[in-house]
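These are the residues of each chain, in order.
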Amino acid sequence: MSRAGYIAKRLLQTVPLMAGILLMVLLLLHAIPGDPARAIGGINASEETVQKIREDLGLNKSLPVQYITYIGNALQGDLGQSTRSGRSVTSIIADRLAPTIWLLLTGMVLSIIVSSVVSAISARNKDTWLDYSFVALTIGGISIPTFWAGLMLILLIALPTGLFPISGFGQGFSGHVNSIVLPATTFAIAISPVMIRALRTKFIALYRQDFVMMSRAAGLGEGAILFRHLTRHAALILITMISVQVGPMIFVSVVIEKTFALPGLGQALVNAVSQRDFPVIQGITLVTALFVTFVHLTGDILTSFLNPKMSLK
Amino acid sequence: MSGLLDITNLRIDLGQARTPVSPVGPLDLTLDVGECLGIVGESGSGKSLTLKAILDVLPEGLVRGAGTLRVMEQGKWVEPAAKDLRGRKIGLISQEPGAALDPLMRVGDLIGEIVRLHSGCSRAESKTRAIDLLRQVGVPDPEKRATFWPHELSGGLKQRIVISMALACKSEILLCDEPTTALDVTIQAQIVDLLRDLQKQHGLGIIFVTHDLALIRQIADRICIMYAGLIVETGPSAEIFKAPQHPYTRALLAALPDIEASSGNLQPIEGTPPNPTDFSVGCRFAARCALATEACRAARPLLEKTERGTMVACFHAGVAP
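Residues numbered from 1 in each chain as written. Chains lettered and ligands numbered in written order. Predicted model: local features only at pLDDT ≥ 70, side-chain atom pairs only at ≥ 80, totals over all residues. Heavy atoms only, no water.

Q: When you look at the overall build of chain A in this model, what are you seeing that I'm missing?
A: Each helix and strand in chain A was counted, giving twelve helices and zero strands. Secondary structure elements in chain A, listed N-terminal to C-terminal, are α-α-α-α-α-α-α-α-α-α-α-α. When the backbone C-alpha atoms are referred to their principal axes, chain A occupies close to 80 × 60 × 35 Å. Pairs at least 24 apart in sequence give 72% of the contacts found in chain A among residues at least 6 apart. Taken as a whole, chain A presents about 15,400 Å² of accessible surface, with 68% of it coming from carbon and sulfur. If the 23 positive side-chain charges of chain A are averaged to one point and the 14 negative ones to another, these points end up 12 Å apart. (Helix = DSSP H or I, 4+ residues; strand = E, 2+ residues; numbered from the N terminus. Contact = heavy atoms within 4.5 Å. Areas by Shrake-Rupley, 256 points an atom, 1.4 Å probe, with all protein chains shown as cover. Lys, Arg positive; Asp, Glu negative; His and termini not counted. Charge placed at Lys NZ, Arg CZ, Asp CG, Glu CD.)

Q: Can you help me understand the overall build of chain B in this one?
A: Broken down by element type, chain B carries twelve helices and twelve strands. In terms of overall size, chain B behaves like a compact globule, its C-alpha atoms giving a radius of gyration of 21 Å where 321 residues would be expected to give roughly 20 Å. Along the three orthogonal principal directions, the C-alpha set of chain B runs to about 65 × 50 × 40 Å. When burial is assessed residue by residue, chain B has 53% of its 321 residues classed as buried. In chain B, the proportion of contacts linking residues at least 24 apart, taken out of those at least 6 apart, comes to 64%. With an accessible surface of roughly 14,800 Å², chain B has 51% of that area assigned to carbon and sulfur atoms. (Rg over C-alpha atoms; globule rule 2.2 N^0.38 Å. Buried < 20%, exposed > 50% of the residue type's maximum accessible area, 1.4 Å probe, protein only.)

Q: When you look at the nonpolar core in this model, what are you seeing that I'm missing?
A: The nonpolar side chains of a soluble globular protein tend to be buried with one another. Judged by nonpolar contacts, the single largest core of 140 residues is most densely connected at Leu 230 of chain A together with Ile 163, Leu 174, Leu 175, Leu 195, Ile 207 and Phe 208 of chain B. In terms of residue count, helix 10 (residues 222-259) of chain A provides more of this core than any other element does, 13 residues in total. Counting 29 residues, the second largest nonpolar core, distinct from the first, contains Leu 22, Tyr 70, Val 89 and Ile 92 of chain A. (Core = buried A, V, L, I, M, F, W, Y, C linked by side-chain atoms within 4.5 Å.)

Q: Explanation requested: the domain arrangement of chain A in the structure shown.
A: How big an interface is tends to be stated in terms of accessible area lost as the parts join. Residues and elements named next belong to chain A. According to the domain assignment, chain A consists of domain 1 (3-75) and domain 2 (96-306). For domain 1 versus domain 2, the distance between C-alpha centres works out to 32 Å. Listed by partner, the interface residues are 20 residues for domain 1 and 16 residues for domain 2. For the pair domain 1 and domain 2, the two sides together bury roughly 1,600 Å², of which 74% comes from carbon and sulfur. For the interface between domain 1 and domain 2, the tally reads one salt bridge. Here Asp 300 and Arg 10 are joined by a salt bridge, their closest N and O atoms 2.6 Å apart. Mapped onto the side of domain 1 that touches domain 2, the elements with two or more residues apiece are helix 1 (3-31) and helix 2 (36-41). At 14 residues, helix 1 tops the list of elements feeding residues into the side of domain 1 that touches domain 2. Of the residues belonging to the side of domain 1 that touches domain 2, the class tally is 16 nonpolar, two polar and two charged. (Domains from an automatic or database assignment. Buried area = accessible area lost by both parts, 1.4 Å probe. Salt bridge = Lys/Arg side-chain N within 4 Å of Asp/Glu carboxyl O. Nonpolar A, V, L, I, M, F, W, Y, C, P; charged D, E, K, R; others polar.)

Q: How should the interface of chain B and chain A be read in this particular structure?
A: Taken together, the contact pairs 26 residues of chain B with 20 residues of chain A. When chain B packs against chain A, close to 2,100 Å² is buried across both sides, 66% of that on carbon and sulfur atoms. Among the residues chain B hides against chain A, the three largest losses belong to Glu 60, Leu 104 and Glu 113 of chain B. Together they make up 28% of the total. At the surface where chain B touches chain A, the tally comes to three salt bridges. The tally of links from chain B across to chain A stands at nine residue pairs in polar contact (both at pLDDT 80 or more). Contributing elements (two or more residues each) for the side of chain B that touches chain A: helix 1 (47-55), strand 6 (90-93), helix 3 (97-100) and helix 4 (107-119) of chain B. Of the residues assigned to the side of chain B that touches chain A, the class counts are 16 nonpolar, four polar and six charged. (Polar contact = N/O pair within 3.5 Å; in protein donor to acceptor, adjacent residues only side chain to side chain.)

Q: Whenever I open this one, the sheet that holds strand 12 (residues 311-312) of chain B confuses me. Can you help?
A: In any sheet, the strands associate via hydrogen bonds between backbone groups, in a parallel or an antiparallel arrangement. Residue and element names in this part refer to chain B. Strand order in this open sheet of eight strands is 6-7-8-3-9-10-12-11, and the pairing throughout is mixed. Only two strands of the sheet have a single partner each, and these edge strands are strand 6 and strand 11 (304-305). In terms of strand pairing, strand 10 (residues 230-236) meets strand 12 through two bridges, oriented antiparallel. Bridging from a neighbouring strand, Thr 234 pairs with Met 311 of strand 12. (Pairing = 2+ DSSP bridges.)

Q: Teacher, can you tell me more about the pairing of strand 6 of chain B here?
A: A regular strand places its side chains so that they alternate between the two faces of the sheet. Residues and elements named next belong to chain B. Burial along strand 6 is two-sided: the face carrying Ile 90 and Leu 92 and the face carrying Gly 91 and Ile 93 are both buried. Where strand 6 lies against strand 7 (residues 173-177), four bridges are found, and the strand directions are parallel. The partner of Ile 90 across the bridge, within strand 7, is Ile 173.

Q: How should I be thinking about the packing of aromatic side chains in this particular structure?
A: The geometry of an aromatic ring pair is captured by the separation of the ring centres together with the interplanar angle, meaning the angle of the planes. Residues and elements named next belong to chain B. Summed over the entire model, instances satisfying the criterion amount to five aromatic pairs over all chains. Centre to centre, the rings of Tyr 227 and Phe 285 are 5.0 Å apart; their planes meet at 80°, and the pair counts as edge-to-face. On the criterion of sequence distance, the pair formed by Tyr 227 in strand 9 (residues 222-227) and Phe 285 in the loop between helix 11 (247-254) and helix 12 (294-298) is long-range, its members being 58 residues apart. On the basis of relative accessibility, which here comes to 2%, the residue Tyr 227 falls in the buried class. Look at Tyr 248 and Phe 285: their rings are 5.1 Å apart centre to centre, the planes differ by 65°, and that puts the pair in the edge-to-face class. Note that Tyr 248 is positioned in helix 11 and Phe 285 in the loop between helix 11 and helix 12, a separation of 37 residues in sequence. The exposure class of Tyr 248 is buried, given its relative accessible area of 0%. (Phe/Tyr/Trp six-rings, centres within 6.5 Å; stacked < 30°, edge-to-face > 60°.)

Shown next as structure tokens:
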């Protein structure tokens, strides 16, 4: 199969996946014990209010009808209204999307850079004090709770230097950049240690490969071996790691948004959960699932370009 | 014959060991223009390490502890650093062609990279040169094969690619580390023929490491027999096969199946070679040798000339067991 064919096929495969995700999101509402409308309204709500909630959410219709209606609405960008503020869920998500996307992208890029550089240096200097101190740092990074790392950055960097805001998303592009530095650093502290450990092991194994010895014997320098050959192998591992870790990444970003008071999706989700605002919970869950699917899809497509041995079936 | 490579007192050390451990050496090697030197020994005798030490591409933990390496450069002996020899003067061919090529690069690009490195030519030019090299080493349909990934080629073709990379910049010396061991017999013969042709065409000096005595008999002009990191016997191939002097060489040849021998029984060498950490002050073969005496255990015999033009390191050289 050609690569274009493979990509088309992978894209088509996401359609049933999306349908499954939408079903799970819809069932979220029914996962609450008892009557969802009553649960949303609260114990003190009158019977009329509960009935109204039931009609608003379409809970009086059969499940297949609810499902088809939900898909139809979602395709038109309508994810319902918040039961608290009455605003449309789509507009709430649109408002909150930017800080989260910023955090995830800058955090990921920073984690990739840090883990590639550190693991390559560690592997080249295996079993030296430099390597050991990096290993100690990664163990530290894995061990400390994310919110604590964030608080420490606020206490030790933001407050004394005054260079970075301690909360909010700032105004304009430079404001956004400025306010994302510490959250992204926190993200990297939480995510890169695992990547460093995996990549370090991979680099050490790669340096023992015959083809590295043969490249040296043919006269290639260490730089050429690392940047022209080993980076491709490392990139494959990184792509897999990111695909696998995208779940923990989202969890970490929720905690970071709370720590730095970033007005992102994670904060909106936490608020919605505490207020039992189910349409908003459903909407954010859907967006998150879409993001995870997108990351996996991108990872598979990139891998198909990098790894000639991958069968494009 | 004119000299090409001269190695004296080469020793390989275990890097981190507290008490010095030297799995290989000290040993001397010479190679003439157009000559094929065979190094024969059991697994673990240090023959592959010796080759890798020449280019200083030893595995992690091992270092070239001592030794001077000189090459002939325009009529003069010079002593260059190993990294200046790599791919310029000396090329290496390894045992496992499958592992010797980066699996994530097309073979044309792999060869092109080496060509560009040494000649500094353009990308387009290196592509044509790569295809020329592929043709030289007998790869059919080289334009098409250059676009293949390593895993799409057979073992024999992969080994041809490795050879073309070793030759990419007109190396004068080819170090062959069991280049045919991983290949099946018919392909083995093709690769050996190719190496011989290249040797004739370019006047290459070849050091050929193997444990295959039958093969070395065909191709080597001179032979070094290695045991436990040392050369125990060396000399012209024909002489060594006709009249081996060292008990180990005799035992090796006795372990070789002979199609004309009436008795079908092979004689294995009892025991195993010693571990580098257990090397004794005496002859390292003494523990497995039927002729060993107190003298053998007390001091190590050094290589000495025999009247047959070979060199042997044994107090009982030539004595029939």
